[in-house]
Amino acid sequence: MRKLVILLMLCPFLSCKQTQNTTDTRFNFNTTSIQQRLDKDLNRLTHDELGGRLVGTAGQDKAADYLANQFKQMGIQPFYTTYRDSFMVKNKHAYNVVAYIAGKNKSLNNTPLLVGAHYDHIGIDKRTATTKDSIANGANDNASGTVAVLEIARYFSENPPERSMIFALFDAEEQGLLGSEHLAQRMKNENQELYGVFNLEMIGVPLKAQNYQAYLTGFDSSNMAQLFNNYTGSNSLGFFEKAQEFQLFKRSDNYPFYKHLGIPAQTVCTFDFSNYPYYHHVKDEMAHLDLEHMARLIQVFQQGLTGMVNAKENELKFTN
């Protein structure tokens, strides 16, 4: 999540009454296989060989290759000619990785739902350049969201949706949402319409003191949370005051699509500024993530998104 260091210093620890989350039992299956794939994908994306996935580096190029190959192995087609949506960041090559599943209902194919996350990170943490470990591997930020997109894509490759779906993994988020800005602008220029954007950011550890499973930025801007919770039969997505206070709606890759395409575009997150102390830190490692939590949350996302893409009408709307 971009440029929150100052905010983190200012943010007090949250305190509220602990309540137990609930999940619709229709999607509460054994998560062993999901956890095994999460383990494999996270190990790869957070490996020191990738050097912290900084835009324009050989490590980030390897990450893009890995993600494209995952989509290919699932039988999911590239959205463009190749999986790589290329752009430049100053004099460096950058790549969004974009895949596509055509919907079964042809009347809904022209307005796909986009599910996204950024896969880049900050590379070397200069504050620790003289220590043994100086690579910021970005497990929670945002390998967690990236591997969740892969799992969601896998689910819909096996359970074809009525509405078409785009799966976009963004580069250069850490430089100022540049990957999503590029893709949103490209889609606008090409008259590509979208139904909405469901973006994932930092979901590697559970919320500790809320009665919902993840918060949704821009909560009151659309009926996405209401629809999603109806589809899951639980309080899956909730309102988080700090998200509104810190204007997180404008700080992740949902925002360029809202800005350029004028559609409901929001981010889900479980980082509450007190439940994970390793933001932009070399200790943001896979060992600190809760894979069981992630697997169960991904099932919730799969269920809610199933409702969104299989609805016969365009139910997702702005509320103000």
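In this text the structure is predicted, and so the values were computed from the model without any measurement.

Peer 1: Looking at this structure, how should I read the pattern of salt bridges?
Peer 2: Pairing between side chains of opposite charge can happen when the charged atoms of each approach one another. The final tally for this structure, using the stated rule, is 13 salt bridges. The shortest N-O distance in the salt bridge between glutamate 151 and arginine 37 comes to 2.7 Å. On the criterion of sequence distance, the pair formed by glutamate 151 in helix α4 (residues 139-158) and arginine 37 in helix α2 (residues 32-45) is long-range, its members being 114 residues apart. Owing to a relative accessible area of 2%, glutamate 151 belongs among the buried residues under this scheme. The partner of arginine 186 in a salt bridge is glutamate 190, with the nearest N and O atoms 2.9 Å apart. Taken together, the shared-partner salt bridges in this structure form one network comprising Arg37, Glu151 and Arg154.

Peer 1: I would appreciate a short explanation of helix α5 (residues 178-189) in the present structure.
Peer 2: Working note: α-helix, 3.6 residues per turn, so residues spaced by three or four point in the same direction. Given a rise of 1.5 Å per residue, 12 residues ought to cover 16 Å, and the 16 Å separating the end C-alpha atoms of α5 matches this to within 8%. Taken together, the buried positions of α5 are occupied by Gly179, Ser180, Leu183, Ala184 and Met187. Buried residues along α5 cover an arc of 125° about the axis, so they all sit on one side. For α5, the secondary structure elements touched by its buried residues are β2 (84-89), β3 (92-101), β4 (113-118), β7 (165-170) and α8 (255-261). Remark: asparagine 191 follows α5 within two positions and exhibits a positive phi of approximately 60°.

Peer 1: Can you walk me through the packing of α2 against α4 in this structure?
Peer 2: If you want to describe how two helices pack, look at the angle between their axes and the distance between the axes. Running from amino to carboxyl end, α2 crosses α4 at an angle of 135°, the nearest separation of the two axes being 10 Å. Between α2 and α4, the interaxial angle falls into the category oblique. Considering only the axes of α2 and α4, their crossing is right-handed. Residues Ile34, Arg37, Leu38, Asp41, Leu42 and Leu45 of α2 pack against Ala139, Ala143, Ser144, Thr146, Val147, Leu150, Glu151 and Arg154 of α4. Among the residues forming the contact of α2 with α4, the class breakdown is 8 nonpolar, 2 polar and 4 charged.

Calculation rules
Residues numbered from 1 in each chain as written. Predicted model: local features only at pLDDT ≥ 70, side-chain atom pairs only at ≥ 80, totals over all residues. Heavy atoms only, no water. Salt bridge = Lys/Arg side-chain N within 4 Å of Asp/Glu carboxyl O. Helix = DSSP H or I, 4+ residues; strand = E, 2+ residues; numbered from the N terminus. Buried < 20%, exposed > 50% of the residue type's maximum accessible area, 1.4 Å probe, protein only. Expected span 1.5 Å × (residues − 1). Arc of directions from axis to C-beta. Contact = heavy atoms within 4.5 Å. Axes fitted to C-alpha atoms, helices over the stretch in contact; angles between N-to-C directions. Parallel < 35°, antiparallel > 145°, perpendicular 65-115°, else oblique. Left-handed = near helix turned anticlockwise from the far one by under 90°. Nonpolar A, V, L, I, M, F, W, Y, C, P; charged D, E, K, R; others polar.

Everything listed here is a matter of coordinates, which is why it stays silent on function.
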